[in-house]
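# Report on the structure
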Amino acid sequence: MAHASTLEPLASPHRLTMLEGVDEGVNTCVHCGLCLSYCPTYSELGTEMDSPRGRIFLIASLAEGRIALTDSVVSHLSLCLDCRACESVCPSGVPYGRLIEAAKAEIERQRPGGPLRRLFRWVNFDLLLPRPRLLGLAASALRLYQRSGLQRLVRATGLLRLLPGTLSAWEALLPELPPWGGGTLPEHVPARGAVRARVGFVEGCVQRVVFGAHNQASVRLLARSGAEVRIPREAACCGALHAHAGERQRARALARKMIEVFERASVEAIIVNAAGCGAHMKAYGHLLRDDAVYHARAERFAAKVRDLSEYLAQRPPVGALGRLPLTVTYHDPCHLVHGQKVRVQARQLLQAVPGLQLVELKEADWCCGSAGIYNLTQPEMAGRLLERKVNHLLATGAEAVVTANPGCIIQLALGLRARGSAMKVLHLGEVLDEAYRRGGVGEG
Amino acid sequence: MATLTESRKNTLRRAIQAIVGKSAVVSDPEELLVYESDGLTLFRALADFVVFPTSTEQVAALVRLANQEGLPFVARGAGTGLSGGCLPAEGGLVISLSRMTRIVEVDYDNQLAVVEPGLVNLHLSWAVGPRGYYYAPDPSSQQACTIGGNIANNSGGPHTLKYGVTTNHVLGLEVVLPDGEVVWLGGKMRDPQGYDLVGIFVGSEGTFGIATKIVVRLLRKPQAVKTILAVFDEIEKASEAVSAIIGRGLVPAALEMIDQVTIQAVEDAFGCGYPRDAAAALLIELDGLAAGIDAQAERVGAACVEAGAREVRTAKDEAERQLLWKGRKSAFGAYGRVSPAYLVMDGVIPRTKLPYVLRRVNEIVAAANLRVGNVFHAGDGNLHPNILYDPRRPGEEERVVQAGAEILKVCAEVGGSISGEHGIGLEKMDYMPFIFSPADLATMHRVKEAFNPRGLCNPGKIFPTKKSCVEVGPAYRAHPIEEQGLAQRF
Amino acid sequence: MQPALLDKVRGIVGSEYVLTGVELSPYVLEGRTPEAAVFPGSVEEVSHVLALASEAGVAVTPWGGGTKISIGAPPTRLGIVLGLRRLNRLLEHEPGDLTATAQGGITLEALQAALGARGQWFSLDPAFGREATLGGILAANASGPRRHLYGTARDLLIGVAVVSADGAVVRGGGKVVKNVAGYDLPKLYIGSFGTLGVIVEATVKLRPLPDDDRLVLAGFERLKDCGQAVRLVLTSDLIPSAVDLLDGEALRGLGLAAGAGVGGALLLGFDGMREQVKWQCEEAKRVVSEAGPVEHRVLEAYAREETWRLVREVGRRAFADPAAVLQLAVLPTQVTEVVEQAGVVAQRNGLKAAFAAHAAVGVVTAVLADGGDSAQPVIATLREWRELVRAAGGHAVLERAPLAVKEQVAVWEPPGAAFRIMERIKAQLDPKGVLNPGRFVGGI
């Protein structure tokens, strides 16, 4: 009468060898389920395979060999945003981000996907992202594409439907790029006034090309805070996108390069204004835990990493804040609030600006659907989450939404544009920089 | 369910899809696996299908289908339960209510709301909070557990000391009966005529049907709240303070105890401000009128100091208050930091027996060579000894289960109960005879016959009626307390 | 009933505790005289009597203080009246546990006296506490003004022992304040009017006696203003233990109205710590003032108790010779409107009516004065009232009326879809239908 049965253990060839170190992580989960209602995908779908507890259970079952990496298992694990909202509420302290990245790496190892998808990944992850100059070139081509009217033509003809799903998603996400010449930052920016610190600044790959203005604003703020800023040209890409997508080897290589570059720069803090990069770099120690040469160096590097808001909250820029009469709301980037537990700093900095009114956003710390390249790989779920986010944004009645991550900025702008909203999407650095500029003291 | 043939399974799947649509049914083995447990991992059972209806009509159609096909079915909320109550003990359908999450109506003037069962408990309070109202029952899992699940278990929580449990806040239920008929029990008006079917349905652990709409009372938020932390160097003194507070004619909104093992786990988790070196702390909340609340707080403080508290302090602001509560409410989960698994007991005792029973709990657990963390509703006498163990160590699970049974025996002996809020489910079926006579159980069984004569609705729960079909640990084996002769199945 | 059976019953309880013939006059029910009234002295005796009666198929009508015996349809069979007044002991009271266990036949007054001596009380305040028994109060689900804050029997009863139809002693619930082991059987017996079992023991939750207790009476010109005052109170910070509303007729009938110009009054109960009660009385005056009271009194001690007693007994006291009492339940916001309309209906039928309501829970007692020789106006009024309540979505029970009226006006509402479950419960627990047959909803 044994109706209920558990699955038989799988034969050993199916057991996952690459699920490194997940044992400890999955055993920390006591199955309490407190994470469920904070998971955006569970919230949308109501299916526990798409909840943190469920995914941990799947990963555990994979590791134990109870199940194989079937299509459905892959689909549930791939649907995870890796936003790590669950980590913020997990009483047991399950290192969820590490588990899901290990699982995604395993998926990537076992099933690298179809040829077009592979090509797309190769172009982005191997070719463009680590090579700023090439990425810049690609961006120029993109600009040409946008300005030439070709984009309109392609969109109008429905040519996109012929592209594989992820490529058409990529196209829709293209930001309206600023005209060329946003300017490259010099490798060395002196402090304004007395030198109080020497810091490094990570330009980022996407950030550098697409949002050069944010970087310039950020560096001006750092200089105002008395920091002498080093911006090493070879610091290309931190590898965060690669890690989230399961491209572990590539991610490790990029991390090692970052470590070397900033060791040479000898700085006391490494500042980054892209939340995804920051969270990833703070976890270099774990990424390189098995690397005898780099592990300790990675830990030292990680200890120096600060988000821009985190740093400025501790060392506020010198000078008067000008009046900025603007009603804004703040969207917490997942990898800042959940990945780095940086929640209050940006709000405090904004609230200090005279004339600026900060309205709290419902579900401010929920993922907007951007999630690295998630909006490319899972366009449908990304769209649902974006819709939810935009509804909340519009409900605030704010003139602008402030955030601190390039992926979020692109995603939010896209969502607002689609709804015909005039709400601006601003980087925290831009807002603060503008406020200090208006403060006007010694602006040069 | 391993006994379903592939072709029957396909037929059933098509029939289910015809009701709920393709994207609302799960039947891949890997996916079903995720639903094999609830918050208690000691028991596992696989469903044949997990289905996600979005309306009362769909639930009713699914239940009718199950009746036609003779398929067992069980409703599931968030799966945060701690007794295995929502497991498909005999296979069949798991009807997940996670897509029925609407707040159908809020009537502030009459202080009530109509909600769907999948609504997360805390989300109701969030929704009505801006207007100054809240939903009082606050199980520790309220951030995730659903109101439908609360109905099944008659869930409590810290604030039930003053405000009562779920049943005290439910006015009416739209229910899909076990044969598929949709009826209303109670409604928005008080004192419905006839037997109190709402009262008997709440806490029936899903064996009387599936609630698809719930009318709940909303309360006005209190004018003032004061949260006091009393720190003790001996757990005995803390338990004496509980009686001292009650004895002084004070009825706090909540009166919780948290011991050192638990304090250390939650401090690791969230740094909530409990002193790590304390043997025990009492978290005491007073609420209501601003007038007199300071005087009450003084009386509480004095009672604690007299009982031997080394420190008594009041949360200085809402943020500190929330943090203290976060620690308390996350305690179960936080055990994950100190142990790979734990078994939470849910015995209730008369408040005055607290010092004696806590001593016995420690003796029992120590004799089994295990560790225990205590975090519980002291004011209600609702204990939660959490026995920590590692299921990978051979024999440990059996020792845990047996120690748990002994603890519940002690609770029964002092005039208490074997469950205060978690329910009997699969876990405590065999302990029912600790507190109920055959005549008591027979009466309950007759009531079940009235609702659920075919027994398809959540079978194999509550009553020690037959051999369980559920996996305990790696494979079926006799329940350890059976082996000890403490209980038997019949 | 066979004489042999009666002898057996005498053998069980002693012949002095078996009444027959003319001694049965106090137990005449709806014009019918029972065959015997039996007063067992222990649970065992109750059990034996029921087992015997059940075997012989003789109907048994449990009888506590008889204060609610008028509720119900005329019995289909009347055999033994089972008087519980000898089961009158307080079995357990541990003040530190805030619980007490007593036998079903203890009067409320005796129970409160014993508890009060140790600083506690059972927070249920139905009418006629001197006669009403604990078991009877539970079986009739009787309540009083303080249900507003402290709830009804279902909120206070935690354990129960009943003797079932076949004589088995069944326990449900327990002695602890929180308990979810098994089905919540105590709920089933509350308000079941003895049709499922005879309540022989009950364990209830207690409260500490308040330091202070006052009644605030605010009189208004119009009932409508009372309604407004209720809403003001409910949206204030006040925490009254009772929120009762009386119309002008009820006020005059109870001798509570000061002037003829008072069309209704709001009665608020405040109990607790002295400081709180004082604040609440002052705040109540301020809150209610917005509705324009013409009279305001604060009553203490004897005056307070006496006033509450009269209000509770409004069904018997509003008129010298009331013809009928209807208890109805509507939404709290509907109370004043329903009362006003019901008043108009009575007037149109040439009858005087008085109304008292637990306003914030929507429970109204409507009392109809005697209309003279013909029952017709009473019947017509009751029927119209029923319609009125039904139109509001509520329900009503005819608490008291002469047999001639009950023959024309149903005591209960027609049962709804869930009735078949009730019938099945009855069939399961009392398969021979010996317990109080015919009196309950749907003829149960």
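## Let's talk about the overall build of chain C
A count of helical and extended segments in chain C gives 16 helices and 19 strands. Relative to the 2.2 N^0.38 estimate, which gives 22 Å for 444 residues, the radius of gyration of chain C is 22 Å and therefore close to what a compact globule would have. The buried share among the 444 residues of chain C stands at 63%. Long-range contacts, defined as pairs at least 24 residues apart, comprise 72% of the intrachain contacts of chain C with a sequence gap of at least 6. Carbon and sulfur atoms provide 49% of the accessible area of chain C, an area that totals close to 15600 Å².

## Some details on the overall build of chain A
A tally of regular secondary structure across chain A gives 24 helices and nine strands. A buried classification covers 60% of the 444 residues belonging to chain A. Intrachain contacts of chain A at a sequence separation of at least 6 include 78% that bridge at least 24 residues. Of the accessible surface of chain A, which amounts to about 17500 Å², a share of 57% is contributed by carbon and sulfur atoms.

## Remarks on the interface of chain A and chain B
Opposite the 40 residues of chain A that make contact, chain B presents 53 residues. At the boundary of chain A with chain B, total buried surface from both sides reaches about 3600 Å², with 59% on carbon and sulfur atoms. For the pair chain A and chain B, the interface holds two salt bridges. At the junction of chain A with chain B, the criterion picks out 14 residue pairs in polar contact (both at pLDDT 80 or more). Of the residues forming the side of chain A that touches chain B, the biggest block, five residues, is contributed by helix α3 (residues 52-64) of chain A.

## Side note on the pairing of strand β18 (residues 363-369) of chain C
Residues and elements named next belong to chain C. Counting buried residues along β18, seven of its seven residues qualify, which places the element largely inside the surrounding structure. Across the two faces of β18 the burial is the same, with V363, T365, V367 and A369 and V364, A366 and L368 all buried. In the sheet, strand β16 (residues 322-329) pairs with β18 via seven bridges, with the strands oriented antiparallel. Of the residues in β18, the one forming a bridge with Q327 is T365. Both strand β17 (residues 353-358) and β18 contribute to a ladder of six bridges, which runs antiparallel. Following the sheet pairing, A356 is matched in β18 by T365. In this structure, the hairpin formed by β17 and β18 is closed by a connection of four residues, where G362 is found at a positive phi of approximately 80°.

## A short note on the sheet that holds strand β6 (residues 103-107) of chain B
Each strand in a sheet pairs with its neighbour through backbone hydrogen bonds, running either in the same direction (parallel) or in the opposite one (antiparallel). Residue and element names in this part refer to chain B. The five strands are arranged β6-β7-β11-β9-β10 in an open sheet whose pairing can be described as antiparallel. With partners counted over all chains shown, the strands left at the sheet margins are β6 and β10 (182-186), one partner each. Across the sheet, the mean angle from the axis of one strand to that of its neighbour is 15°, orientation sign disregarded. Note that β6 and strand β7 (residues 112-115) share four bridges and pair antiparallel. Bridge assignment links V106 to a residue of β7, and that residue is A113. In this fold helix α4 (residues 121-128) packs onto β6, β7 and β11 (210-217), with an angle of close to 45° to the strand it touches most, β6.

## So, the interface of chain B and chain C
With 86 residues of chain B at the interface, the matching set in chain C holds 73 residues. In total, about 6500 Å² of surface goes out of reach between chain B and chain C, with carbon and sulfur atoms giving 59% of it. It is M189(B), Q193(B) and Y195(B) that lose the most area in chain B upon contact with chain C, and together they represent 15% of the buried surface on that side. Here chain B and chain C share six salt bridges between them. A salt bridge links D191(B) to R147(C); the nearest nitrogen and oxygen atoms lie 2.8 Å apart.

## Thoughts on the domain arrangement of chain A
Residues and elements named next belong to chain A. Once the domains are mapped, chain A shows domain 1 (17-110), domain 2 (115-173), domain 3 (188-313) and domain 4 (321-439). The C-alpha centroid of domain 4 is placed 27 Å from the C-alpha centroid of domain 1. A combined buried area of about 1400 Å² lies between domain 1 and domain 4, and 56% of that area is made up of carbon and sulfur atoms. In terms of surface lost to domain 4, no three residues of domain 1 exceed E44, L81 and C83, which account for 38% of the buried area on that side.

## Some details on the pattern of salt bridges
Summed over all chains, the structure comprises 85 salt bridges over all chains. Notably, a salt bridge pairs R256(A) with D291(A), separated by 2.7 Å at the nearest N-O pair. Taken together, the residues span a long stretch of sequence, with R256(A) in helix α14 (residues 248-265) and D291(A) in the loop between α16 (284-287) and α17 (295-304) at a distance of 35 residues. Classification of D291(A) as buried rests on a relative accessible area of 15%. In this structure, the salt-bridge partner of E384(C) is R348(C), at a minimum N-O distance of 2.3 Å. One end of the pair, E384(C), is in helix α14 (residues 376-391); the other, R348(C), is in helix α13 (residues 335-348), and 36 residues separate them in sequence. Residue classification places E384(C) among the partly exposed residues on the basis of a relative accessible area of 27%. Look at the salt bridges and you will find they share partners, linking D125(C), R146(C), D213(C), D271(C), R304(C), E305(C) and R312(C) into a network.

## Examining the environment of L310(C)
Residue and element names in this part refer to chain C. For L310, the position within the fold is in helix α11 (residues 301-312). Judged by relative accessible area, L310 falls into the buried class, the value being 16%. Each residue touching L310, except ones within four places of it in the same chain, is listed here: L254, L256 and R317.

## Here's the deal with the side chain of N386(B)
Residue and element names in this part refer to chain B. Relative to the assigned elements, N386 resides in strand β19 (residues 385-389). In this structure the side chain of N386 is engaged in a polar contact, spanning 3.3 Å, whose partner is the side chain of Y335. Excluding residues within four positions of it along the chain, N386 makes contact with F332, Y335, Y342, L343, V344, R371, V372, G373 and V375.

## A look at empty space enclosed by the protein
For the coordinates displayed, the defined rule picks out eleven cavities of 30 Å³ or more. As a volume, the largest cavity reaches approximately 760 Å³. Taken together, 48 residues form the lining of the largest cavity, with T80(B), G81(B), G149(B), N150(B) and N153(B) sitting closest to its centre. Among the secondary structure elements, those contributing two or more residues to the lining of the largest cavity are β4 (73-76), α5 (147-153), β11, α11 (318-329) and α12 (331-334) of chain B. Its residues placed into classes, the lining of the largest cavity shows 18 nonpolar, 24 polar and six charged. Of the voids in this model, the second largest cavity is the one considered here, and its volume is about 360 Å³. In terms of lining residues, the second largest cavity is bounded by 26 residues, among which P62(C), W63(C), G64(C), G136(C) and A139(C) are the most central. Contributions of two or more residues to the lining of the second largest cavity are made by β3 (60-63), α4 (134-140) and β10 (198-205) of chain C. For the lining of the second largest cavity, the leading source of residues is α4(C), giving five residues. Looking at the lining of the second largest cavity residue by residue, the class counts come to 13 nonpolar, eleven polar and two charged. Among the domains, domain 1 (3-85) and domain 2 (90-208) of chain C are the pair contributing at least three residues each to the lining of the second largest cavity.

## A few points about the packing of helix α16 (residues 438-451) of chain B against helix α16 (residues 419-429) of chain C
Interaxial distance between α16(B) and α16(C) falls to 8 Å at its minimum, and their mutual angle equals 145°. The crossing of α16(B) and α16(C) is right-handed. From α16(B), T443(B), R446(B), V447(B), E449(B), A450(B) and F451(B) reach across to α16(C), where they touch I421(C), R424(C), I425(C), Q428(C) and L429(C). Taken together, the residues of the contact of α16(B) with α16(C) sort by class into six nonpolar, two polar and three charged.

## Notes on the confidence of the model for chain C
Residue-level pLDDT values for chain C average 96, and 100% of them are 70 or greater. Scoring the predicted complex yields pTM 0.92 and, for the interface, ipTM 0.97.

Rules used in this analysis
Residues numbered from 1 in each chain as written. Chains lettered and ligands numbered in written order. Predicted model: local features only at pLDDT ≥ 70, side-chain atom pairs only at ≥ 80, totals over all residues. Heavy atoms only, no water. Helix = DSSP H or I, 4+ residues; strand = E, 2+ residues; numbered from the N terminus. Rg over C-alpha atoms; globule rule 2.2 N^0.38 Å. Buried < 20%, exposed > 50% of the residue type's maximum accessible area, 1.4 Å probe, protein only. Contact = heavy atoms within 4.5 Å. Areas by Shrake-Rupley, 256 points an atom, 1.4 Å probe, with all protein chains shown as cover. Buried area = accessible area lost by both parts, 1.4 Å probe. Salt bridge = Lys/Arg side-chain N within 4 Å of Asp/Glu carboxyl O. Polar contact = N/O pair within 3.5 Å; in protein donor to acceptor, adjacent residues only side chain to side chain. Pairing = 2+ DSSP bridges. Axes fitted to C-alpha atoms, helices over the stretch in contact; angles between N-to-C directions. Domains from an automatic or database assignment. 1 Å grid on protein atoms, 1.4 Å probe; cavity = no way out; pocket = protein on both sides within 12 Å on 5 of 7 lines; lining within 4 Å. Points joined across faces, edges and corners; volume = space filled by probe spheres on them. Nonpolar A, V, L, I, M, F, W, Y, C, P; charged D, E, K, R; others polar. Left-handed = near helix turned anticlockwise from the far one by under 90°. pLDDT = per-residue confidence, 0-100.

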